[in-house]
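# Understanding the architecture of this molecule
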Amino acid sequence: MHWMTVISIWMIPILIGGILLYGTFKKVPTYETFVEGGKEGIQISFSIIPFLVGMLVAISVFRASGALDYVVGFLKPVLSIIHVPAEIVPLAIIRPLSGTAALGMTSDLISVYGPDSFIGRLAATIQGSTDTTFYVLTVYFGAVGIKKMGDAVKVGLLADLVGIAAAIAVVSWVFGTK
């Protein structure tokens with residue numbers, strides 16, 4: 001595995017160097033283009049700050065108000081019938097909102113139940129098979145000024161729902177339930 005470590009260490013510098021050499025070969029002013037991209041990146045990051053703050057406040061209010069606990073309690077009887085642990089519901093709800101919050105929940109689930117438990121495996125699989133839909137829409141749509149995102153929200157949440165269902169099915173099939 002020594003060669004794999006060498007490849008891992010050198011892959012990014014080789015990729016960056018290759019892009020710079022290709023740009024130079026094509027007579028693109030690579031340094032000026034890099035600086036211009038940096039300027040645009042800083043402008044975009046300042047323009048999306050209000051969207052990020054709004055989303056983070058909404059997540060905090062949702063968790064602190066007890067609404068998340070209410071939803072979990074409401075769904076628990078239905079989930080027990082289909083052999084899905086209710087402990088996974090907060091992760092499934094938070095994942096489309098915030099990747100960092102979802103990663104924290106996944107870490108908590110794994111530390112409490114263990115990485116080889118059904119819940120630990122399911123949490124890790126949900127983390128890898130869903131996306132931060134509202135974060136992506138807020139940041140990227142907000143950065144380019146798109147205001148109407150209704151269809152994108154529907155498709156993104158449907159994709160998250162399919163990812164969660166697929167994660168439950170695959171983990172149950174591969175590892176068995178509880």
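Reading guide: rules and limits
Residues numbered from 1 in each chain as written. Predicted model: local features only at pLDDT ≥ 70, side-chain atom pairs only at ≥ 80, totals over all residues. Heavy atoms only, no water. Helix = DSSP H or I, 4+ residues; strand = E, 2+ residues; numbered from the N terminus. Rg over C-alpha atoms; globule rule 2.2 N^0.38 Å. Contact = heavy atoms within 4.5 Å. Areas by Shrake-Rupley, 256 points an atom, 1.4 Å probe, with all protein chains shown as cover. Lys, Arg positive; Asp, Glu negative; His and termini not counted. Charge placed at Lys NZ, Arg CZ, Asp CG, Glu CD. Phe/Tyr/Trp six-rings, centres within 6.5 Å; stacked < 30°, edge-to-face > 60°. Lys NZ or Arg CZ within 6 Å of the ring centre and 35° of its normal. Buried < 20%, exposed > 50% of the residue type's maximum accessible area, 1.4 Å probe, protein only. Core = buried A, V, L, I, M, F, W, Y, C linked by side-chain atoms within 4.5 Å. Axes fitted to C-alpha atoms, helices over the stretch in contact; angles between N-to-C directions. Left-handed = near helix turned anticlockwise from the far one by under 90°. Nonpolar A, V, L, I, M, F, W, Y, C, P; charged D, E, K, R; others polar. Patch = residues over 30% accessible without salt bridge, like charges linked within 9 Å, V, L, I, M, F, W, Y side chains within 5 Å. Salt bridge = Lys/Arg side-chain N within 4 Å of Asp/Glu carboxyl O.

As a further point, take the overall build of the protein. When you go through the protein residue by residue, the secondary structure sums to eight helices and zero strands. When its helices and strands are written in sequence order, the protein yields α-α-α-α-α-α-α-α. Against the compact-globule benchmark of 16 Å for 178 residues, the protein has a radius of gyration of 21 Å, which places it well outside the compact range. Of the contacts made within the protein by residues no fewer than 6 positions apart, 66% connect residues no fewer than 24 positions apart. Entry remark: accessible area of the protein is about 11900 Å², with carbon and sulfur atoms responsible for 73%. Taking the average location of the 11 positive side-chain charges in the protein and that of its 10 negative ones, the two points are 4 Å from each other.

Here the focus is the packing of aromatic side chains. Applying the stated criterion across every chain yields a total of zero aromatic pairs. We note Arg121 situated over the ring of Phe175; from NZ or CZ to the ring centre the distance is 3.9 Å.

We now examine unusual backbone geometry. One non-glycine residue with positive phi stands out, namely Lys27, at about 65°. Assessed through its relative accessible area of 74%, Lys27 is described here as exposed. With a phi angle near 60°, His83 is a residue other than glycine that sits in the positive phi range. Relative to the helices and strands, His83 resides in the loop between helix H3 (67-81) and helix H4 (89-94).

All right, on to the nonpolar core then. One finds Ile88, Leu91, Ile94, Leu109, Leu122 and Ile126 to be the most contacted residues of the largest nonpolar core, which totals 26 residues. For this core, the elements supplying multiple residues, two or more each, are helix H2 (30-64), H3, H4, helix H5 (99-113), helix H6 (118-129) and helix H8 (150-175). With five residues, the single largest contributor to this core is H6. Excluding residues that lie within four positions of it along the chain, Leu109 makes contacts with Glu87, Ile88, Leu91, Gly114, Ile119 and Ala123.

For the rest of this paragraph, the subject is the packing of H2 against helix H7 (residues 133-144). Running from N to C, H2 and H7 point in directions that differ by 145°, and their axes come no closer than 9 Å. Note on packing geometry: the crossing formed by H2 with H7 is right-handed. Touching Ile44, Ser47, Ile48, Phe51, Leu52 and Met55 of H2 are Phe134, Tyr135, Thr138, Val139, Gly142 and Ala143, all from H7. Considering only residue class, the contact of H2 with H7 consists of nine nonpolar, three polar and no charged.

With that settled, the discussion passes to a nonpolar patch on the surface. A cluster of nonpolar side chains, contributed by Trp3, Met4, Ile7, Met11, Ile12, Ile16 and Leu20, occupies part of the molecular surface with about 700 Å² of accessible area. When you line up the elements, Ile12 lands in helix H1 (residues 2-25).

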